[in-house]
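# Geometric and topological summary
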Amino acid sequence: QVQLVKSGGDLVQPGGSLRLSCVVSGFSLDYYAAGWFRQAPGQEREDIACINSTDRSTYYADSVNGRFTISRDNAKNTVYLQMNRLKPEDTAVYYCAAKYYRPSTNSDDYDYWGQGTQVTVSS
């Protein structure tokens, strides 16, 4: 089971920050890569960040690079997405996902998904 927990509220002003936490239960995250995806209305699901299971190397989409940070705490079985300098175009439903070992930007490769949480950036 993958549970998505949002810290910071549902509505954020442009320029604000928000942290998403993805708590995994039922299996150990140690050997799983994790990814964060988002989907805005009328758009396809987009991979915005992922992190490797072992060396913790990361990937970011151009749209969030330099503003978002993905990290993990295997002791807590949790993956985080710190989002800074938020923009209205960041408004979407955000999902976390896990797959064995190597990360992927293809959502079809992921085995476990969180339930999704709405992030709205608006003044």
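Structure shown above.
On a predicted model such as this, the values are computed, not experimentally measured, just so you know. (Residues numbered from 1 in each chain as written. Predicted model: local features only at pLDDT ≥ 70, side-chain atom pairs only at ≥ 80, totals over all residues. Heavy atoms only, no water.)

Under the criterion given, the structure shown has 1 disulfide. Cysteine Cys50 shares no disulfide, and the gap to the nearest cysteine sulfur, in Cys96, comes to 13 Å. (Disulfide = S-S within 2.5 Å.)

Moving on, we get to unusual backbone geometry. Residues other than glycine predominantly adopt negative phi, and peptide bonds predominantly adopt the trans conformation. Positive phi outside glycine occurs at Arg56, with the angle close to 60 degrees. By the element assignment, Arg56 lies in the loop between β5 (46-51) and β6 (58-60). Within the chain, Asn77 stands out as a residue other than glycine whose phi angle is a positive 55 degrees. Residue placement: Asn77 occurs in the loop between β7 (68-73) and β8 (78-83). (Helix = DSSP H or I, 4+ residues; strand = E, 2+ residues; numbered from the N terminus.)

What follows is about the nonpolar core. Across soluble globular proteins, you tend to see nonpolar side chains buried next to one another. One finds Leu20, Trp36, Phe68, Ile70, Leu81, Met83 and Tyr94 to be the most contacted residues of the largest nonpolar core, which totals 28 residues. Only β3 (18-24), β4 (32-39), β5, β7, β8, β9 (92-100) and β11 (117-121) provide two or more residues apiece to this core. Leaving out residues up to four positions away in the same chain, Ile70 has contacts with Ala34, Trp36, Ala49, Cys50, Ile51, Thr58, Tyr60, Val79, Tyr80 and Leu81. One finds Phe37, Cys50, Tyr95 and Tyr110 within the second-largest nonpolar core, a separate group that totals 5 residues. (Core = buried A, V, L, I, M, F, W, Y, C linked by side-chain atoms within 4.5 Å. Buried < 20%, exposed > 50% of the residue type's maximum accessible area, 1.4 Å probe, protein only. Contact = heavy atoms within 4.5 Å.)

Bringing the pairing of β8 into the picture now. Of all 6 residues in β8, 5 are buried; the element is thus mostly enclosed. Direction of pairing for β3 relative to β8: antiparallel, over a ladder of 6 bridges. Residue pairing in the sheet places Ser21 in a bridge with Tyr80 of β8. Both β7 and β8 contribute to a ladder of 6 bridges, which runs antiparallel. What sits directly across from Asp73, in β8, is Thr78. A loop of 4 residues connects β7 with β8, the two strands running antiparallel in sequence, and Asn77 in this loop sits at a positive phi of about 55 degrees. (Pairing = 2+ DSSP bridges.)

Further remarks concern the packing of aromatic side chains. Applying the stated criterion to the full structure yields 9 aromatic pairs. Aromatic pair Tyr32 and Tyr100: ring centres 5.7 Å apart, planes at 85 degrees, arrangement edge-to-face. On the criterion of sequence distance, the pair formed by Tyr32 in strand β4 and Tyr100 in strand β9 is long-range, its members being 68 residues apart. For Tyr32, a relative accessible area of 16% puts it in the buried group. For the ring pair Tyr100 and Tyr101, a centre distance of 6.1 Å and an interplane angle of 35 degrees mean the geometry is tilted. By relative accessible area, which is 34% here, Tyr101 ends up partly exposed. Within the aromatic cluster, the residues linked to one another by ring pairs are Phe27, Tyr32, Tyr100, Tyr101 and Tyr112. The residue whose ring lies beneath Arg45 is Tyr95, and the NZ or CZ to ring-centre distance is 4.1 Å. Here the basic side chain of Arg45 rests over the ring of Trp113, its NZ or CZ set 4.7 Å away from the ring centre. (Phe/Tyr/Trp six-rings, centres within 6.5 Å; stacked < 30°, edge-to-face > 60°. Lys NZ or Arg CZ within 6 Å of the ring centre and 35° of its normal.)

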